[in-house]
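Each chain is listed here by its residues.
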Amino acid sequence: METAMLPASSPDHPERQARRALIRGVYAITADEGDTTRLLADVEAALSGGIRILQYRNKHANRALKRQQLEALKGVCARHQALLIVNDDWQLAAELGIDAVHLGEDDGDIEEARRALGPGSLIGVSCYASVERARALAPVADYLAFGALFASGTKPLARPAPLSVFREVQALSLARPLVGIGGIDADNIGLVLAARADAAAVIGSLFRQGDIRAAAQRLVAAAARP
């Protein structure tokens, strides 16, 4: 008897499972940067230091600048075999052929985004400190992000989330990678991962350092400690 083929949009499809498995360790998010040359140099340094997940986030850029920067980042990430994720703007991601996005609560419908990006696309969502939001979105999302876990220089007014949220969500057996964000650095990333997060997102502790490559190496090494 033949086994029925799962549709690619199914959360249990091997393609989506394989992409979810990439959400591990250090998850870098770009700082707002209007200078594309500098952005590319910073990202090149971070990826050279061992980063393999990069979310492009620029809250101050217009659409033309975002397009320019993302088109350039596609090549950089491809050379380093790094996963490129687009923050918020799934429409632009679809136009550029980028099939991984991260969506907040005001960034549109997840199922509409998946239809545009393709059935094997990777879609992460912000759950802030809400276990119920995680439970509701897990069937349609590929990973769940929580924070701010610590005081954040990037988003000082972000809603706080306790480290205990990861164990609460793990107890639901949702089978989705969990990501922590907010004030994470090389000194506390181990606490985040020990709390049962699969990945830890960083901005200032990576891109606002004098030596970005060295900062990346410190973060990757700290994340790998047992």
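Residues numbered from 1 in each chain as written. Predicted model: local features only at pLDDT ≥ 70, side-chain atom pairs only at ≥ 80, totals over all residues. Heavy atoms only, no water.

Let's talk about the overall build of the protein
Logical step 1: Helix and strand counts for the protein come out as 10 helices and eight strands.
Logical step 2: Scaling as 2.2 N^0.38, a compact globule of 226 residues should have a C-alpha radius of gyration of about 17 Å, and the protein matches this with 17 Å.
Logical step 3: The buried share of the protein, taken over its 226 residues, is 51%.
Logical step 4: In the protein, of all internal contacts separated by at least 6 residues, the share reaching a separation of at least 24 is 62%.
Logical step 5: Total accessible area on the protein is roughly 10,600 Å²; 52% of this is exposed by carbon and sulfur atoms. (Helix = DSSP H or I, 4+ residues; strand = E, 2+ residues; numbered from the N terminus. Rg over C-alpha atoms; globule rule 2.2 N^0.38 Å. Buried < 20%, exposed > 50% of the residue type's maximum accessible area, 1.4 Å probe, protein only. Contact = heavy atoms within 4.5 Å. Areas by Shrake-Rupley, 256 points an atom, 1.4 Å probe, with all protein chains shown as cover.)

Regarding the sheet that holds strand E7 (residues 178-180)
Logical step 1: Strands sit in the order E1-E2-E3-E4-E5-E6-E7-E8 around a closed barrel of eight strands; the barrel is parallel. Going across the sheet, the axis of each strand differs from the next one's by a mean of 30 degrees, ignoring polarity.
Logical step 2: Pairing of strand E6 (residues 143-146) with E7, which is carried by three bridges, proceeds in the parallel orientation. Considered in E7, the bridge of Leu144 is made with Leu178. (Pairing = 2+ DSSP bridges. Axes fitted to C-alpha atoms, helices over the stretch in contact; angles between N-to-C directions.)

Here's the deal with unusual backbone geometry
Logical step 1: Omega for the bond connecting Gly147 with Ala148 falls within 30 degrees of zero, at 25 degrees, which places this linkage in the cis form.
Logical step 2: A positive phi is found at Asp88, a non-glycine position, where the angle reads about 70 degrees.
Logical step 3: Relative to the helices and strands, Asp88 resides in the loop between strand E3 (83-87) and helix H4 (90-95).
Logical step 4: Within the chain, Ala175 stands out as a residue other than glycine whose phi angle is a positive 60 degrees.
Logical step 5: Given a relative accessible area of 61%, Ala175 falls into the exposed group.

A word on the pairing of E3
Logical step 1: Here E3 lies mainly inside the structure; five of its five residues are buried.
Logical step 2: Of the two faces of E3, the one carrying Leu83, Ile85 and Asn87 and the one carrying Leu84 and Val86 are both buried.
Logical step 3: Note: strand E2 (residues 53-56) against E3, four bridges, orientation parallel. Paired with Tyr56 across the two strands is Val86, which belongs to E3.
Logical step 4: Handedness of the crossover is the feature at issue here: the chain leaves E2, passes through helix H3 (residues 63-79), returns alongside E3, and the resulting connection is right-handed.
Logical step 5: Summarising the sheet, E3 and strand E4 (residues 100-103) pair through two bridges and their orientation is parallel. Bridge assignment links Asn87 to a residue of E4, and that residue is His102.
Logical step 6: Handedness of the crossover is the feature at issue here: the chain leaves E3, passes through H4, returns alongside E4, and the resulting connection is right-handed. (Right-handed = clockwise from strand over helix to strand, strands pointing away.)

What to know about the pattern of salt bridges
Logical step 1: Enumeration according to the criterion identifies 14 salt bridges in this entry.
Logical step 2: A salt bridge links Asp99 to Arg19; the shortest N-O distance between them is 3.1 Å. One end of the pair, Asp99, is in the loop between H4 and E4; the other, Arg19, is in helix H1 (residues 14-20), and 80 residues separate them in sequence.
Logical step 3: Assessed through its relative accessible area of 29%, Asp99 is described here as partly exposed.
Logical step 4: Under the relative-accessibility criterion, Arg19 is labelled buried at 16%.
Logical step 5: Several salt bridges converge on common partners, so that one network encompasses Arg16, Arg20, Arg114 and Asp142. (Salt bridge = Lys/Arg side-chain N within 4 Å of Asp/Glu carboxyl O.)

Notes on the packing of helix H2 (residues 36-48) against helix H10 (residues 212-224)
Logical step 1: At a closest axis distance of 7 Å, the pairing of H2 and H10 adopts a crossing angle of 35 degrees. The hand of the H2/H10 crossing is right-handed. The segment H2 lies against H10, with Asp42, Ala45, Ala46 and Ser48 engaging Ile212, Arg213 and Ala216.
Logical step 2: Classifying every residue of the contact of H2 with H10 by side-chain character gives four nonpolar, one polar and two charged. (Left-handed = near helix turned anticlockwise from the far one by under 90°. Nonpolar A, V, L, I, M, F, W, Y, C, P; charged D, E, K, R; others polar.)

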